[in-house]
Amino acid sequence: MKIAKNTVVTVNYKLSDAQDNLIEDGRQPMVYLHGDYENTLPKIEEELDGKEVGYSNTIQIEPDDAFGEYDPALVKVEPRNRLPEPLEVGMQFEGMPESDSPDEEAMIFTVTDIADDKVVLDGNHPLAGIALRFSLTVADVREATEEEIAHGHVHGAHGHDHGDEDDEGEGEGEEGDHFRTHPIH
């Protein structure tokens, strides 16, 4: 079966930067719904479209087609007392970017440094500004179920599960507080 819109694709992969420094070894395969559902990078879908099980290639994706260029404006310093304890570098929080637009959406900020009573939060994706090299091998292709197509993502093994998740993202904290009281990651 060829990879086409509304097929579920299982890909074994290895992710490196442009200098071949390993970023992710892909121990678990990537399983996604093919066809512009935003379940993987568009350049990966473009590369795999029309291919079959066994197809293998290495592609390089520039930052503009991956996670964007690094934006120093997305780095901010906050008072430590605005964030929950214990606090560690690498923790992630959902917060609002500093902007005048009321339409701004919440972003994920990563704690990159803690110094005395200040915390550095970075809203850039960890892979922003990096050219990515994907070694891809198609392991499986199947027709998507009607439910997967309706939901826009894969269900089941390595996909998404619709368990009983009542507490998805309930904002906590005081009115006007820009950060949730518990880390995302």
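Located above this text is the structure these notes cover.
Overview of the structure.

Basis of the calculations
- Residues numbered from 1 in each chain as written.
- Predicted model: local features only at pLDDT ≥ 70, side-chain atom pairs only at ≥ 80, totals over all residues.
- Heavy atoms only, no water.
- Core = buried A, V, L, I, M, F, W, Y, C linked by side-chain atoms within 4.5 Å.
- Buried < 20%, exposed > 50% of the residue type's maximum accessible area, 1.4 Å probe, protein only.
- Helix = DSSP H or I, 4+ residues; strand = E, 2+ residues; numbered from the N terminus.
- Contact = heavy atoms within 4.5 Å.

### Considerations on the nonpolar core
In this structure, Val 11, Ile 44, Leu 48, Ile 61, Phe 134 and Leu 136 are the most contacted members of the largest nonpolar core, which totals 19 residues. A total of five residues in this core trace back to one element, the largest contributor, which is strand E9 (residues 132-143). Residues within four places of Ile 61 in sequence aside, it is in contact with Leu 41, Lys 43, Ile 44, Ala 66, Ile 130, Ala 131, Leu 132 and Phe 134. Membership of the second largest hydrophobic core comes to nine residues, among which are Leu 83, Met 91, Phe 93 and Val 111.

### Structural notes on the environment of Val 119
Position of Val 119 among the secondary structure elements: in strand E8 (residues 118-122). By relative accessible area, Val 119 is classed as buried at 0%. For the pair Val 119 and Val 89, spaced 30 residues apart in sequence, the C-alpha to C-alpha distance is 9.1 Å. Apart from the residues lying within four places of it in its own chain, the contact partners of Val 119 are Lys 76, Val 77, Glu 78, Arg 80, Leu 83, Leu 87, Val 111 and Asp 113.

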